[in-house]
Amino acid sequence: MRQNSKTVSPMSNEGRNIYVTEHITNSLLALLEEKTLENISISELCNNAGIGRASFYRNFNSKEDILKAYINKLFDEWKGNWEKNSSLPLSSAIGMVFCHFEQHKAFYSLLNKHHLIYLLKDVILDIMELKPGLPKGEAYAKAFVAYSLYGWIEVWFERGMQESAEEMKQLFQSQGL
């Protein structure tokens, strides 16, 4: 079972780390509503979260790391759903990705507003299982789909996510991808 604030003792190291991580993340997301990432200091972030700087650096190396961890946390849910349905065709996975973004639109719109969409690239490459050592045909095919998907997502966000997740899935499929 994955540990979280409800399953871990608040006095354990894991409990403290979960507390710190949740508070830092919430603090950063609140501050991003008003400021750019560059204009948020570590001191301000920690003061707003009610934690010390040492706690920040024990859990993260940078403010971007906070966002990457949050993105991975959101995608852990997606991956769980995908693993239950992994026999579905790639088009279904693509549709599930667009639904995920639509479901968490406020967060991803915030990333887009601050030009931080590039943080999604590694998650998308991971979803497509683009790993070193793949046979060349498979590697290039997966890279083509992964980077195409990333580009589509970036443009979709820039357009204000006007199209529904279902429309995006259909548009992606209509391209033969």
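Higher on the page you've got the structure.
Residues numbered from 1 in each chain as written. Predicted model: local features only at pLDDT ≥ 70, side-chain atom pairs only at ≥ 80, totals over all residues. Heavy atoms only, no water.

Here we take up the nonpolar core. Ranked by size, the top nonpolar core spans 52 residues in total, and within it L67 and F101 carry the most contacts. Within the residue set of this core, elements represented by two or more residues are helix 1 (13-32), helix 2 (42-49), helix 4 (63-84), helix 5 (90-103), helix 6 (105-113), helix 7 (121-127), helix 8 (136-158) and helix 9 (165-174). Residues in contact with L67, not counting those within four places in the same chain, are L28, L29, L32, L37, F107, L111, L116 and L119. (Core = buried A, V, L, I, M, F, W, Y, C linked by side-chain atoms within 4.5 Å. Buried < 20%, exposed > 50% of the residue type's maximum accessible area, 1.4 Å probe, protein only. Helix = DSSP H or I, 4+ residues; strand = E, 2+ residues; numbered from the N terminus. Contact = heavy atoms within 4.5 Å.)

Attention shifts here to the pattern of salt bridges. On inspection of all chains with the given rule, the structure shows 5 salt bridges. For E138, the salt bridge goes to K142, with nearest N and O atoms at 3.3 Å. Of this pair, E138 and K142 both sit in helix 8, separated by 4 residues, roughly a single helical turn. Residue classification places E138 among the partly exposed residues on the basis of a relative accessible area of 35%. One salt-bridge network, held together by shared partners, links E129, E138 and K142. (Salt bridge = Lys/Arg side-chain N within 4 Å of Asp/Glu carboxyl O.)

The next point concerns the packing of aromatic side chains. Applying the stated criterion across every chain, the model contains 12 aromatic pairs. Geometrically, the ring pair formed by F56 and F60 is tilted, given 6.0 Å between the ring centres and 40 degrees between the ring planes. Judged by relative accessible area, which is 0%, F56 ranks as buried. Ring geometry for F98 and F172: centres 6.4 Å apart, planes at 65 degrees, overall edge-to-face. Placement of F98 in helix 5 and of F172 in helix 9 is noted, with a sequence separation of 74 residues between them. Classification of F172 as buried rests on a relative accessible area of 1%. One aromatic cluster is present, built from ring pairs that chain together Y70, F75, F98, F101, F107, Y108, W152, W156, F157 and F172. (Phe/Tyr/Trp six-rings, centres within 6.5 Å; stacked < 30°, edge-to-face > 60°.)

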